Each structure stands twice: as C-alpha cells, then as structure tokens.
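Chain and residue survey
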Amino acid sequence: MLFEDDIKQLIESSVTFPLCDQNDNPIPGVRVVDRLATESTWSSIIKPSEPIPRVVFYSIKGGVGRSTALAACALALAEADQQVLLLDLDLESPGLSTSLLPEDRQPAFGITDWLVEDLVGNGDSIIEDLQAESPLPRRGQILVVPAHGRRLGEYISKLGRVWMPSVPENGPRRIWSERLARLLGKLEELHRPDIVLIDSRAGIDEMASACLTDLGASRIYLFAQDSVQTWSGYRLLFQHWRQNDVALEMRERLQLVAAMLPSWDGKFDKAATDLWEQAYNLFLETLYDEQPAEIDQAHDQDDRGVSLESRNQADGSSEDCSNFSFDLNDQEAPHHACLIPWNQSFAGIASHYRRLDGIPSGLLESVYGELIKNLLINDLHSKLGPPS
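Nothing here was measured: the structure is a model prediction, and the numbers come from that model.

1. Focus: the overall build of the protein
For the protein, the count of helices and strands is 15 helices and 10 strands. In the protein, buried positions account for 50% of the 388 residues. Expressed as a percentage of contacts within the protein between residues at least 6 apart in sequence, the contacts between residues at least 24 apart total 75%. Total accessible area on the protein is roughly 18,900 Å²; 48% of this is exposed by carbon and sulfur atoms.

2. Observations concerning the sheet that holds strand β4 (residues 83–89)
Pairing is mixed across the open sheet formed by eight strands, whose spatial order is β5-β6-β4-β7-β3-β8-β9-β10. Strands at the two margins of the open sheet, each flanked by one partner only, are β5 (132–133) and β10 (338–341). Here helix α8 (residues 228–243) sits on the sheet in contact with β3 (54–59), β8 (219–224) and β9 (254–261), set at roughly 150° to β8.

3. So, the nonpolar core
By size, the foremost hydrophobic cluster in this structure holds 69 residues, and its most contacted members are Tyr58, Leu89, Leu91, Phe238 and Trp241. Element by element, the count of residues in this core is highest for helix α10 (residues 268–286), at eight residues. Apart from the residues lying within four places of it in its own chain, the contact partners of Leu91 are Ile111, Thr112, Leu115, Ala147, Tyr155, Leu159, Val162 and Met207. One finds Leu70, Ile195, Leu197 and Ile340 within the second-largest nonpolar core, a separate group that totals 31 residues.

4. Some thoughts on unusual backbone geometry
In this chain, Glu50 is followed by Pro51 through a cis amide linkage whose omega measures -5°. Position of Pro51 among the secondary structure elements: in the loop between β2 (26–34) and β3. Positive phi is not limited to glycine here, since Asp81 has a value of about 70°. On the secondary structure map, Asp81 appears in the loop between α2 (66–79) and β4. Assessed through its relative accessible area of 40%, Asp81 is described here as partly exposed. Residue Arg192 is not a glycine yet carries a positive backbone phi of 50°. Mapped onto the elements, Arg192 comes out in the loop between α6 (176–191) and β7 (195–200).

5. Observations regarding the environment of Ile204
Checked against the element boundaries, Ile204 lands in the loop between β7 and α7 (206–214). Of the residues examined, Ile204 reaches a relative accessible area of 46% and is grouped as partly exposed. Not counting the four nearest positions on each side in its chain, Ile204 is found in contact with Trp42, Tyr58, Ile60 and Gly233.

6. Observations regarding the side chain of Asp88
Its place among the elements puts Asp88 in strand β4. Notably, Asp88 is buried but unbridged: the nearest opposite-charge side chain belongs to Arg66, and the N-O separation is 6.5 Å. Within polar-contact distance, the side chain of Asp88 engages the backbone nitrogen of Asp90 at 3.1 Å. Here Asp88 is in contact with Pro94, Gly95, Leu96, Ser97, Ile111, Val145, Pro146, Ala147 and Asp199, once residues within four sequence places are set aside.

7. Structural notes on helix α4 (residues 111–118)
The element α4 is extensively covered by neighbouring structure, given that seven of its eight residues are classed as buried. Listed in full, the buried residues belonging to α4 are Ile111, Thr112, Asp113, Trp114, Leu115, Val116 and Asp118.

8. As for the pairing of β3
Burial analysis of β3 places six of its six residues in the buried class, which makes it a mostly covered element. Covered by surrounding structure in β3 are Arg54, Val56 and Tyr58 together with Val55, Phe57 and Ser59, the residues of both alternating faces. Sheet topology places β3 next to β7; four bridges connect them, and they run parallel. Counterpart to Phe57 in the pairing with β7 is Asp199. Two strands pair when backbone bridges link them, and β3 and β8 are joined in this way by five bridges, in the parallel orientation. Looking across to β8, one finds that Tyr58 is bridged to Leu222.

9. Looking at the packing of aromatic side chains
A full pass over the atoms with the stated rule returns 14 aromatic pairs. Here the aromatic residues Trp42, Tyr58, Tyr234, Phe238, Trp241, Tyr280, Phe283, Tyr288, Phe324 and Phe326 are joined through ring pairs into a cluster of three or more.

10. Things to note about the confidence of the model for the protein
For the protein, the mean per-residue pLDDT works out to 81, and 79% of the residues sit at or above 70. Within the model, the stretch residues 293–321 combines pLDDT values under 50 with 29 contacts to residues more than four positions away or in other chains.

11. Quick word on the state of the cysteines
Counted under the stated rule, the structure contains zero disulfides. For the unlinked cysteine Cys338, the closest cysteine sulfur is that of Cys73, found at 8.7 Å. Using a relative accessible area of 8% as the deciding quantity, one classes Cys338 as buried.

Scoring rules and cut-offs
Residues numbered from 1 in each chain as written. Predicted model: local features only at pLDDT ≥ 70, side-chain atom pairs only at ≥ 80, totals over all residues. Heavy atoms only, no water. Helix = DSSP H or I, 4+ residues; strand = E, 2+ residues; numbered from the N terminus. Buried < 20%, exposed > 50% of the residue type's maximum accessible area, 1.4 Å probe, protein only. Contact = heavy atoms within 4.5 Å. Areas by Shrake-Rupley, 256 points an atom, 1.4 Å probe, with all protein chains shown as cover. Pairing = 2+ DSSP bridges. Axes fitted to C-alpha atoms, helices over the stretch in contact; angles between N-to-C directions. Core = buried A, V, L, I, M, F, W, Y, C linked by side-chain atoms within 4.5 Å. Lys, Arg positive; Asp, Glu negative; His and termini not counted. Salt bridge = Lys/Arg side-chain N within 4 Å of Asp/Glu carboxyl O. Polar contact = N/O pair within 3.5 Å; in protein donor to acceptor, adjacent residues only side chain to side chain. Phe/Tyr/Trp six-rings, centres within 6.5 Å; stacked < 30°, edge-to-face > 60°. pLDDT = per-residue confidence, 0-100. Disulfide = S-S within 2.5 Å.

Written out as structure tokens, the structure is:
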C-alpha cells in the first residue's frame, strides 16, 4: 500500500471491515483493508436486476439435488406459460443441460467459450450459438445456456482463462465477473425471458461468489442438508456478510431449501422439524435482528407464526417494520425451508432427459411436482410475481 498513488481510492475500492477486539467489539476508528489475490469478493453486492428477475440455486456442498430441482422449477414455470432462460454456471462440474436437452440438441458453444472469446473481443460472434431450446415443455419455453457446447476443444485450458480480466485498448478494464454480468445482459436482451434461473457452483469459490453477489440476483435458494458441514459452511458465509456490513443487502433475498429429506418410515416430518430448528438457530445468530423482550412475548402469543413486519403491515401499526426478525414457525421466514423429499427414481440415472422424454404432460407435471412439492414454485410466484 505504501507504493499506491491514491490511498483514498484504494480504500474505497477494496473490501474493508472493522477491526474487533477479543470480545468481537469493533475498535473505534480502525478498519482492516482486505487486499485479495482474486478480484471476486463475497461482499461487493449488486442490486437486484430489473425488470427480469434472476434466481440463483446454490449449495455449500454438491450432490444435494440442486440442479435437478432447478430443472424441475424450469419445467413447472414453462408449463405455466413462462419463457425461462437457464444458465449452467457450475463450470467445473457441468451437466445441467443434460436434464433438459437431448444429446443431439446441445448448442455449439457454452458460457466458458464466450468468456474466453470475450478476452479477445470475439464474444459477439458466438452469442447466438450459446443456447438451445428444450423440447420437454408443452407450453412456454426453456432456453438452456450450458457451461460448454458440442465443440469442447481444450475445455480444461479454457477454464484456466475464464477468470482473467479483459483489458481492451479503447475501453475500461473488466474483471471476469463483470464480463459474466455483461454476457447475462446480452442474453436477456436477445431472448427477453420472463425469468432467469442460474445454477451456481457449490462451495465458497469465485464462481459461486459471482452468482450470489455480482449478477443482481432477486432470489437465492440455499440448498441444505441437516449436517455439520452444511451449517458450518453457511455460518462462515453469513458471518462474512455481517462482518463486511452487507448482510442487510443479502438477507432478504435468501430462502433455504431442505434438500433430499428422508421420506420413508415416517421420518419426513421429524427431519423437516430438525432442519428448521438448526436453520433458525443459524439465522438468529448471524442474519436476524435482535428482538426486544416485549416483541418476543408478542411472538409467543402469535399462534399464526407471522413475522413482526407482516403483522405490523396487516394491522397498520406504526412500529418500525424494518426489524428483520421471525419466529421459528414463521412460514415466510428465510430459515423456514422449502421441503424436497428424497426420490430414489431420480438417483443414479444416466440422463434425466431420457427418463422424462415421452412422459405425458400430466404425468410429467406430477413427477416433478412431487420432487419440489410446489413449494419452490409457490415461493417464486409470491416473491417475484405471477407469470406475465
């Protein structure tokens, strides 16, 4: 930092957080400037996009049915006569497109190809070859933009270049997440979808950071299993947002999804209750506001499980509605997870597309309807508006 020309600009453009003492109390007047080796951060938050909502499906750990649930939502939205644009941003573990596209309908190129070509100003030449339409829905439309297309080339080598910034001769320098956002804007302008669904990379890495914080997500579904690894990972992420003063910008976009709950031997209800309790404790410790004692007592008397904000709006009271606090059983709370039962029929199959192709429309809706129990679709419609 001693060799920087403009220290003020450096601090303003960097990730900073207060320096705390051993009791986690901020030390007045002292902040840490966190200079990272990479240019993507989890604390530079882009406002939700308008007018097209962007919805991210994310998980701390892989293998929890996230991509399958996304495909189910895409199909249900299309059957409701919506135009859905779907992006596979799990670049290091691609495969979402096989859920909705037959092998012979994969597009020529994918997102990785565009990010590499954009480095040399050639992205526009392939943008119309990045997507293919799924033949599965009987109504609406699903356009799939895969991580890669038919022409794989040196895919591993390409992955090593997608993170690079572009430095044009006559233009601003763009970090890779800004280039990714530009691609998404171009795709929206080209296809005018009603909604965009994004399959994020699992874990806490650069791609996941871009999906959750840099693409203007309106809704973020956090897939979770009731395990120590899951809660530990989300706690790290939530505490990072709180430490960097961006929790207020993120928390209203979040909704937990209970993935692959056991649905045999009467275990479903208990598993759901256990997961809700663990999730509630996590959100209470990290993202929810502290509640005064009189508010806690009022919540205890509210047998409907309605949040403070909802109750104030309903009765017209003048209390501060900005308090982001919820009861354990509040169905509108982000910790109150949408439930997905474990379905053995979706495990260990080579292609979801081959399994679903040819199923009559009514049965197709029931197969995926059972998978998502309509909870995700209902949440999408309630938070982002009904189909246009």
